[in-house]
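Read off the chains here:
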Amino acid sequence: MRFCFLPRLTGKFRLRCCCLLTILALITFSYLLVNLVITHTSKNQCTRCYEPMDVVYTWVNGSDKRFLDQIKLYSPFRDKARYDDKNELKYSLRSLEKYAPWVRNVYIVTNGQIPFWLNLENPKVQIVQHADIADDGTMLPTFSSAAIETFIHKIPTLSKDFLYLNDDIFLAAPLFPDDLITLSEGVKVFTAWQVPDCALDCPWMFVGDGSCDSHCYVEECQFDGGDCDHPDYQNHMHELEDYNMSNEGEDTFIDVPKTFPKGVKKTDNIRDIYEMFKRVNGSSTKQLVEKFNREKLKSNKSTSKKSSVKNENEREDKSGEKLSNSKDIFAHSLIHTNKMFNQVYGFKTRKVLAHVGFLLNVDVIEAMLVRFWKEFAVTKSHRFREKNDLQYAFTYYHFLMSESRNKSVSEIFDDFDTDGSGTWSDREIRTLLAKIYNLPLDWSAVRYFEEVVTNCSLHQNNYLPLEHQLEQKFVYSTLVYERYEDSTIPTVTKGLVLACRELTDMMKMNFAQVPLYKFHINQKTGIYSNFKMLTSNITQVVDALDELRKNPKKFNCINDNLSEDNPEENQLISALLEDFYLSLFPVRSQFELENNYRNRFQHYNDYRAWFSRKTLFRNVVYVICVVAFMVCVKILCFRHKGKFARTLVFLSSRSDYSTI
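In this report, we go over the structure that sits alongside the text. (Residues numbered from 1 in each chain as written. Predicted model: local features only at pLDDT ≥ 70, side-chain atom pairs only at ≥ 80, totals over all residues. Heavy atoms only, no water.)

### Regarding the packing of aromatic side chains
And then number 1: One pass over the full model with this rule turns up 26 aromatic pairs.
And then number 2: Arranged with centres 5.4 Å apart and planes meeting at 65 degrees, the rings of Tyr217 and Phe223 form a pair that is edge-to-face.
And then number 3: With a relative accessible area of 26%, Tyr217 lands in the partly exposed category.
And then number 4: With a centroid separation of 5.2 Å and 35 degrees between ring planes, the pair formed by Phe341 and Phe372 is classed as tilted. Of this pair, Phe341 sits in helix H10 (residues 329-345) while Phe372 sits in the loop between helix H11 (362-371) and helix H12 (373-380), and the two are 31 residues apart along the sequence.
And then number 5: Phe341 sits in the buried class, given a relative accessible area of 1%. (Phe/Tyr/Trp six-rings, centres within 6.5 Å; stacked < 30°, edge-to-face > 60°. Buried < 20%, exposed > 50% of the residue type's maximum accessible area, 1.4 Å probe, protein only. Helix = DSSP H or I, 4+ residues; strand = E, 2+ residues; numbered from the N terminus.)

Here it is as structure tokens:
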């Protein structure tokens, strides 16, 4: 469309404009091309580059009337104090801006509530409702953090790797991606204390250790992991579980029971005790002594392990509470989760994750949800936390550390073929044997390997695939400098190894199973994290906050454990906590409104409805303005065209008059 009032360009002026536009286009194209090359080169040369990372918070405002009405509707007896908001999220965002400015976006997952201080116009922060990302199997509304955590990775624009933070965690030292993940070691795992005991006097290290423990022979401990299924234990489990096995002396290993089988009289004679157990067990005295000696050694070993576990728990639990003996929902859910892992990955001693930020990967989360889909379906069906929930962070990181894959024999061969020659030199074989056998390497192990290779070379060549037969026929011998002087084995090729059953079994047994994901257990968790518990004791709270002031760390968690029975003390503690946060982060962050402003809406649905109306009104105004502008332009065109026509008529009449 050409407007009539624009002047018509001359040919010379049009040429100059075309040349200028061409030069500008060439300059722009050259700049973009050079920038692309530089960026691509820097990415290839960079060894410490990471993809953009977002942060996800879960938050709730426990003082919201609508929220409290929902809790009262679904469960009037629930503790409402644990949902109380003390502005932790605001100060956590201030710490994030100060110590982790590299974070790309921040997502706050809520049940629809909006912090009154949050700047919704900031493009780096976004409110995400449960209903927008929850699965179909999730019971909404949900008040369970275990259920909410199962769908936080479904935020549409979320980065592949993201940092998950609770609102009671804040940063107090610079945090970098290298503190969470490294290209060489993978994800860093921060562990704290061991999983709570499944029963009294039965730590998890007793379960599945090969020794039958009567205290662990209960359903909560998975019946000692099958340790009591051995016939020696099963035949006399009912008799032995009522015995009180006590240590009567240092010199003998045999324990004298308080009660004896029917027909046997109590006696202090060791020989009579031997004969009694001989009749009961059907074994010789020598076998009985050996058996009881083994049991006593196991018992002593277990006692020492239990003592070390107790000391470790008392040392690591700085909150003053015995978490290992706790019977709250959190402890029960940890025990339940550990039982699931015992069934899938075997009986192991596992630790609970420390109170830090969790670096999560969307692909790993999806694989975890598929692996434990039944258990997570139960977790998502709960509105409130229950004992049979799967603990999200515990499940994620132990799934990450437990998953493995099986390497093929061909891959294992290539791992030891360091020179890429397609054969194993004597040096490479030495490395293989050093990784299999205990050091110092015994000569008999070397001779055995040589015999296996020689026999396979002589007798199994006919069973090789055709391509490997040709390989054996035409392959050159290993170079002289790669052979030892006394070496007599034939050339070890990949085809020979694949066809030799003894070699493939040995390689599969020692090298086949490898971790699926890269991870590294950080042994210095205390350097990275602080954990303090808020109680209704004012003196303890003041001391704890001063300790945080004196020794701030990258991750600091202040967990709320206030009692509803002390409202006056709790009010003072809230003021002390606010003063503590202001002493560390007094400056308003970009995520907050100015001090004299607050959000008009407390719920995201109300804000969304208002924003839709605002957008509709703005678009209507824009359309009206555009239409009015076009109408004005058209009117001007008509007026200009009329004046131009009258001018032409006048000039033509004057020219006719002059010719006459």
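### Description of the nonpolar core
And then number 1: Leu96 and Tyr397 are the most contacted members of the largest nonpolar core, which totals 103 residues.
And then number 2: Considering every element that reaches this core, the biggest residue donor is helix H13 (residues 392-402), with eight residues.
And then number 3: Apart from the residues within four sequence positions on either side, Tyr397 is in contact with Val187, Lys188, Val189, Leu353, Phe358, Leu359 and Leu360.
And then number 4: Counting 25 residues, the second largest nonpolar core, distinct from the first, contains Leu433, Ile436, Leu496 and Met507. (Core = buried A, V, L, I, M, F, W, Y, C linked by side-chain atoms within 4.5 Å. Contact = heavy atoms within 4.5 Å.)

### A look at the state of the cysteines
And then number 1: In total, this model carries four disulfides according to the counting rule given.
And then number 2: Between the sulfur of Cys198 and that of Cys221 lies a disulfide, 2.1 Å long from S to S. Note on the Cys198 and Cys221 pair: the S-S dihedral is about 105 degrees, so by sign convention the disulfide is right-handed. On the criterion of sequence distance, the pair formed by Cys198 in the loop between strand E7 (186-194) and helix H6 (231-234) and Cys221 in the loop between E7 and H6 is long-range, its members being 23 residues apart.
And then number 3: Each sulfur of the disulfide joining Cys202 and Cys216 lies 1.9 Å from the other. Because the torsion about its S-S bond is 115 degrees, the bridge between Cys202 and Cys216 counts as right-handed. Note that Cys202 is positioned in the loop between E7 and H6 and Cys216 in the loop between E7 and H6, a separation of 14 residues in sequence.
And then number 4: Residue Cys202 is classed as buried on the basis of its relative accessible area of 0%.
And then number 5: For Cys216, a relative accessible area of 0% gives the class buried. (Disulfide = S-S within 2.5 Å.)

### A look at the pairing of strand E16 (residues 555-560)
And then number 1: The sheet contact formed by strand E5 (residues 169-171) and E16 spans three bridges and is antiparallel. Paired with Leu171 across the bridge in E16 is Phe555.
And then number 2: Strand direction decides the pairing type here: strand E15 (residues 529-534) and E16, joined by six bridges, are parallel. Bridging across to E16, Met533 finds its partner in Asn559.
And then number 3: Once you follow E15 into helix H21 (residues 538-550) and on to E16, the crossover reads as right-handed. (Pairing = 2+ DSSP bridges. Right-handed = clockwise from strand over helix to strand, strands pointing away.)

### Quick word on the sheet that holds strand E2 (residues 106-110)
And then number 1: A sheet is described by the order of its strands in space; here five strands give the open sequence E3-E2-E1-E4-E9, paired in mixed fashion. For this open sheet the edge positions go to strand E3 (125-129) and strand E9 (358-361), each flanked by a neighbour on one side alone. For this sheet, the mean angle separating the axes of adjacent strands, direction not counted, is 30 degrees.
And then number 2: In the packing of helix H3 (residues 88-99) onto the sheet, contacts are made with strand E1 (54-58), E2 and strand E4 (161-166), and the angle to E1 comes to roughly 165 degrees. (Axes fitted to C-alpha atoms, helices over the stretch in contact; angles between N-to-C directions.)

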